[in-house]
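# Geometric and topological summary
So you can see what is in the structure, the chains are spelled out below.
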Amino acid sequence: GGGKYCESRRELVAMTTDSKKVLLMGRSGSGKTSMRSIIFADYLARDTMRLSPTIDVEYSHVRFLGNLHLHLWDCGGQDDFYRNYLENMRDHIFRAVELLIYVFDIESDEEGSDFAQFAEVLEALEQHSPDARVFVLVHKMDLVKEGMRDDLFDERQASILELAGRLRVTCFATSIWDETLYRAWSTIVYSLVPNTALLESHLAEFCLASGADEVVLFESTTFLVIAHAARAPHADNHRFEKISNIIKQFKLSCRKAQAQFQGMQLQAFNLIALFAILSKNTTIMVVASQPFIHDGALTYNIAHLRKQMNLR
């Protein structure tokens, strides 16, 4: 099934042309495994308190859109493990990497050691995978007073980018307690999906033909945003991540009630929001505010889109 998640080394199958090796790194206690469990294993933020530290490397296999396979290597953050990664396993860990996700704990009292380790990781990555993308998550931002967050993040980002060399580095401020984590991971996954331009052209045509205001495509298990199209700008730039959070919580509630999420419809005075399964890997959200648009017409248009995009 789509978004299949396995904690098994057996899942580390031979790399195919659609396989992407993703390293998840950062010092012990930075929050790597918690965020992975929220995004890929349907944990609630409060449930991550019981997770134990990662020992050595944990391999996961995540499938997106049927043919995109993420091989996620969650690397334990203890200093002894990092010495081993950098000295004895350097080629094995850092070869053929598509992207590195590196997590900094904003509350760490060992900033010097954190940056020294990050610099060594970047050096190994540049040596073995010079074309890899790097996403840095400055994490646990909820622990910083709200008025200080932007300045502290800007300062940390400047230090990170100084070390980047020729690597392409993007930074995010994140927390497991709000939508920032989904925003960061949606951007990461979006960068890996090979045909987003084609997907978005199909969605733009659908938007126009159906009279919808906005159409969003989510990956069905993680509810990360894959592609979207809109006929007009929207005031809330964080709406997708908020929706991801809400729908994922609703899906978990369905599961607890031993029901399966098939879709949902929200209707207000002048608005319809329709969620439907588009394929075994994707869920579509269609938002329409024109009074003459009926949910039956949207459902028909979704079926037509499914056929047009050759999805099953």
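Note that this is a predicted model, so its numbers are computed, not measured.

A few words on the confidence of the model for the chain. Of all residues in the chain, 90% attain a pLDDT of 70 or more, and the chain-wide mean is 84. Low pLDDT, under 50, characterises residues 1-17; the predicted model gives this stretch 39 contacts beyond four residues in sequence or across chains.

With that out of the way, let us pick up the packing of aromatic side chains. Counted according to the given criterion, the structure contains 11 aromatic pairs. Seen from their ring centres, tyrosine 102 and phenylalanine 104 are 5.2 Å apart, and the 55° between their planes marks the pair as tilted. Each member of the pair, tyrosine 102 together with phenylalanine 104, is buried. Stacked on the ring of tryptophan 73, the Lys or Arg lysine 21 has its end atom at 4.0 Å from the ring centre.

Quick look at the pattern of salt bridges now. Summed over the entire model, instances satisfying the criterion amount to 14 salt bridges. The partner of aspartate 114 in a salt bridge is arginine 27, with the nearest N and O atoms 2.9 Å apart. You can see aspartate 114 sitting in helix 4 (residues 111-128) and its partner arginine 27 sitting in the loop between strand 2 (19-26) and helix 1 (32-40), a full 87 residues away along the chain. Taking relative accessible area as the criterion, aspartate 114 reaches 6% and is therefore assigned buried.

The α-helix winds at 3.6 residues per turn, so residues separated by three or four positions along the chain end up facing the same way. Judged by how many residues are buried, helix 1 sits mostly within the fold: nine of nine residues are covered. Within the sequence span of helix 1, burial applies to Lys32, Thr33, Ser34, Met35, Arg36, Ser37, Ile38, Ile39 and Phe40.

Moving on, we come to the pairing of strand 12 (residues 282-288). With seven of seven residues buried, strand 12 is to be regarded as a mostly interior element. In terms of strand pairing, strand 8 (residues 214-219) meets strand 12 through six bridges, oriented antiparallel. What sits directly across from valine 215, in strand 12, is valine 286. Relative to strand 12, strand 11 (residues 271-277) runs antiparallel, the two sharing six bridges. Residue pairing in the sheet places isoleucine 277 in a bridge with threonine 283 of strand 12. In this structure, the hairpin formed by strand 11 and strand 12 is closed by a connection of four residues.

As a further point, take the sheet that holds strand 11. Read from one edge to the other, the open sheet built from five strands follows the order 9-8-12-11-10, with strand pairing classed as antiparallel. Pairing within the sheet leaves two strands with one partner each, and these edge strands are strand 9 (225-230) and strand 10 (263-268). When strand polarity is set aside, the average angle formed by the axes of neighbouring strands in this sheet is 10°. Where strand 10 lies against strand 11, six bridges are found, and the strand directions are antiparallel.

Looking now at a negative patch on the surface. A cluster of like negative charges, contributed by Asp150, Asp151, Asp154 and Glu155, occupies part of the molecular surface. With respect to the secondary-structure elements, aspartate 151 resides in helix 5 (residues 149-162). In this structure aspartate 151 comes out as exposed when scored by relative accessible area, which is 59%.

Within the element layout of this structure, alanine 288 appears in strand 12. For alanine 288, a relative accessible area of 2% corresponds to the buried category. In this structure the C-alpha to C-alpha distance between alanine 288 and serine 210, which are 78 residues apart in sequence, comes to 8.9 Å. Dropping the residues within four chain positions of it, alanine 288 is found in contact with Ala212, Asp213, Asn270, Leu271, Ile272, Ile293 and Leu298.

Counted at 1.5 Å a residue, the expected span for helix 5 with its 14 residues is 20 Å, and the 20 Å between its end C-alpha atoms agrees. By the burial criterion, the buried members of helix 5 are Phe153, Arg156 and Ile160. Taken around the axis of helix 5, the buried residues stretch over an arc of 70°, which confines them to a single face. Among the exposed residues of helix 5, those oriented more than 90 degrees off its buried face are Asp150, Asp151 and Glu162. Against strand 5 (99-105), helix 4, strand 6 (133-139) and strand 7 (168-173) lie the buried residues of helix 5.

Another point: the state of the cysteines. For the structure shown, the criterion picks out zero disulfides. No disulfide involves cysteine 171; its sulfur sits 19 Å from that of cysteine 75, the nearest cysteine.

About the thresholds
Residues numbered from 1 in each chain as written. Predicted model: local features only at pLDDT ≥ 70, side-chain atom pairs only at ≥ 80, totals over all residues. Heavy atoms only, no water. pLDDT = per-residue confidence, 0-100. Contact = heavy atoms within 4.5 Å. Phe/Tyr/Trp six-rings, centres within 6.5 Å; stacked < 30°, edge-to-face > 60°. Buried < 20%, exposed > 50% of the residue type's maximum accessible area, 1.4 Å probe, protein only. Lys NZ or Arg CZ within 6 Å of the ring centre and 35° of its normal. Salt bridge = Lys/Arg side-chain N within 4 Å of Asp/Glu carboxyl O. Helix = DSSP H or I, 4+ residues; strand = E, 2+ residues; numbered from the N terminus. Pairing = 2+ DSSP bridges. Axes fitted to C-alpha atoms, helices over the stretch in contact; angles between N-to-C directions. Patch = residues over 30% accessible without salt bridge, like charges linked within 9 Å, V, L, I, M, F, W, Y side chains within 5 Å. Areas by Shrake-Rupley, 256 points an atom, 1.4 Å probe, with all protein chains shown as cover. Lys, Arg positive; Asp, Glu negative; His and termini not counted. Charge placed at Lys NZ, Arg CZ, Asp CG, Glu CD. Expected span 1.5 Å × (residues − 1). Arc of directions from axis to C-beta. Disulfide = S-S within 2.5 Å.

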